[in-house]
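Report on the structure
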Amino acid sequence: MAHYLDIATWPRRQVFEFFRGFDKPYFNICTRVDVTRLIEGLRGRGLSVSMAYHYFALRAANEIEPFRYRLRAGKVFVHDVIHGGTTVLLPNEAFTLAYFDYVEDFEKFVIDGARAIAEAHAGDGAFRPRNEDDGRIHFTVVPWFSFTSFSHARNWSTEDSIPKIAFGKFLSENQRVLLPLSVEVHHALLDGFTVGRYLTRLEEMLSNPEAVW
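Each chain has its residues counted from 1, following the order in which its sequence is written. Where local features are concerned, this predicted model is filtered to residues with pLDDT of at least 70; where side-chain atom pairs are given and counted, the filter is 80 or more; whole-chain, interface and lining totals use all residues. Computation of side-chain values: all heavy atoms of the structure, hydrogens and water removed.

1. A closer look at the pairing of strand β4 (residues 75–78)
The test is simple: Paired strands, in this sense, are two strands between which DSSP finds at least two bridges. Helix numbering and strand numbering both begin at the N terminus, where a helix is a DSSP run of H or I of at least 4 residues and a strand a DSSP run of E of at least 2.
Relative to β4, strand β1 (residues 3–4) runs antiparallel, the two sharing two bridges. By the bridge assignment, Tyr4 is partnered in β4 with Phe77. The pairing of strand β3 (residues 69–72) with β4 spans four bridges and is classified as antiparallel. Counterpart to Arg72 in the pairing with β4 is Lys75. Hairpin connection between β3 and β4: a loop of two residues separates the two successive antiparallel strands, and Ala73 in this loop has a positive phi of roughly 50°.

2. So, the side chain of Asp191
Put simply, the test is: Definition of a polar contact: a pair of N or O atoms within 3.5 Å, with one able to donate and the other able to accept a hydrogen when the atoms are protein atoms, and with sequence-neighbouring residues admitted only if both atoms are side-chain atoms. Contacts between residues were defined by any pair of non-hydrogen atoms, one from each residue, lying within 4.5 Å.
Looking at the element boundaries, Asp191 is found in the loop between β10 (176–186) and α5 (192–207). A distance of 2.7 Å separates polar atoms of two side chains, one belonging to Asp191 and the other to Arg12. Here Asp191 is in contact with Arg12, Val15 and Phe27, once residues within four sequence places are set aside.

3. Comments concerning the nonpolar core
Just so we agree on the cut-off: Only buried residues count toward a nonpolar core. Its members are Ala, Val, Leu, Ile, Met, Phe, Trp, Tyr and Cys residues joined through side-chain atoms within 4.5 Å. Exposure classes here rest on a 1.4 Å probe applied to the protein chains alone. A residue is buried below 20% of its type maximum, exposed above 50%, and partly exposed in between.
Judged by nonpolar contacts, the single largest core of 51 residues is most densely connected at Phe67, Val76, Phe167, Val183 and Tyr198. Excluding residues that lie within four positions of it along the chain, Tyr198 makes contacts with Ala57, Ala60, Ala61, Ile64, Phe67, Ile165 and Val183.

4. Here we look at a nonpolar patch on the surface
Under the convention used in this document: Put simply, a patch holds well-exposed residues, over 30% relative accessible area, that have no salt bridge, with like charges counted together within 9 Å and Val, Leu, Ile, Met, Phe, Trp or Tyr side chains within 5 Å. Here, Shrake-Rupley sampling with a 1.4 Å probe gives the accessible areas, and only protein chains in the shown set may cover a residue. Any carboxyl oxygen of Asp or Glu that lies within 4 Å of a side-chain nitrogen of Lys or Arg is treated as forming a salt bridge with it.
Taken together, the side chains of Leu89, Phe95, Phe127, Trp144 and Phe145 define a hydrophobic patch exposed on the protein surface, amounting to about 560 Å² of accessible area. Along the chain, Phe95 falls in strand β6 (residues 95–100). Assessed through its relative accessible area of 45%, Phe95 is described here as partly exposed.

5. Concerning unusual backbone geometry
Unlike most non-glycine residues, Asn174 shows phi in positive territory, near 50°. For Asn174, a relative accessible area of 68% puts it in the exposed group. For Gln175, which is not glycine, the phi torsion reads 65° and is therefore positive. Mapped onto the fold, Gln175 is located in the loop between β9 (171–173) and β10. Judged by its relative accessible area of 79%, Gln175 falls in the exposed class.

6. Some details on empty space enclosed by the protein
To keep things clear, this is the line we draw: Computed over the protein atoms alone on a 1 Å grid, cavities are sets of points where a 1.4 Å probe fits but cannot get out and pockets are open sets with protein on both sides within 12 Å along at least five of seven lines; a residue lines them when it has an atom within 4 Å of a point. Grid points are joined across faces, edges and corners, and a volume is the space filled by probe spheres set on the points. As a working rule, the residues Ala, Val, Leu, Ile, Met, Phe, Trp, Tyr, Cys and Pro are called nonpolar, Asp, Glu, Lys and Arg charged, and the rest polar, with Gly in that last group.
Counted under the stated rule, the structure contains one cavity of 30 Å³ or more. A volume near 30 Å³ is recorded for the largest cavity. Every residue lining the largest cavity is listed: Val33, Tyr53, Ala57, Phe167, Leu179, Leu202 and Leu206. When residues of the lining of the largest cavity are traced back to their parent elements, those giving at least two are α3 (49–63) and α5. Within the lining of the largest cavity, the residues separate by chemical class into seven nonpolar, no polar and no charged.

Structural data, given as structure tokens:
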């Protein structure tokens with residue numbers, strides 16, 4: 001059940017209070033994850049590779065509880081389940097947003113997510129961010145380059161604590177396919193240890209994607 005965290009008994013209370021008031025309380029980790037098995041396993045299935053790695057990134061975020069924490073009026077709200085949203089490039093080179101719900105069923109998620117992106121791409125092109133909905137991960141895909149550093153636009157006057165995850169252009173190395181990945185989080189809610197747990201879990205699933213589909 002969704003609930004507010006009891007900050008008074010939270011072991012991270014002092015760290016939370018320290019970072020909560022920072023002008024820039026976010027930190028960003030960039031790495032590369034091996035998606036060779038994922039791409040090989042999708043071959044011939046007619047499923048979107050992009051939505052497939054969105055699935056695993058979102059599944060890992062749901063499994064690691066602090067990725068479901070959100071700041072609300074100085075308190076910490078814990079979502080039961082978090083969903084996703086991603087950027088969609090339009091024919092006029094502007095972009096809009098598509099939103100999709102998390103479901104554990106891999107194929108359903110990928111098909112429904114691909115449909116949401118197609119509808120956004122074919123729609124009126126209006127930019128309609130759901131600023132009031134903090135029960136999501138903000139994703140973006142920049143398939144034109146492989147990055148080693150990344151930073152997101154932030155409105156520091158708001159209590160924005162939604163994790164932001166970016167994917168870059170595939171690159172090949174030693175016969176493996178690697179995906180650049182950026183994870184940006186609010187330091188009052190998450191630490192490097194937590195992001196490390198998230199990346200470890202994501203790498204575990206990507207090394208054996210057949211276990212979930």
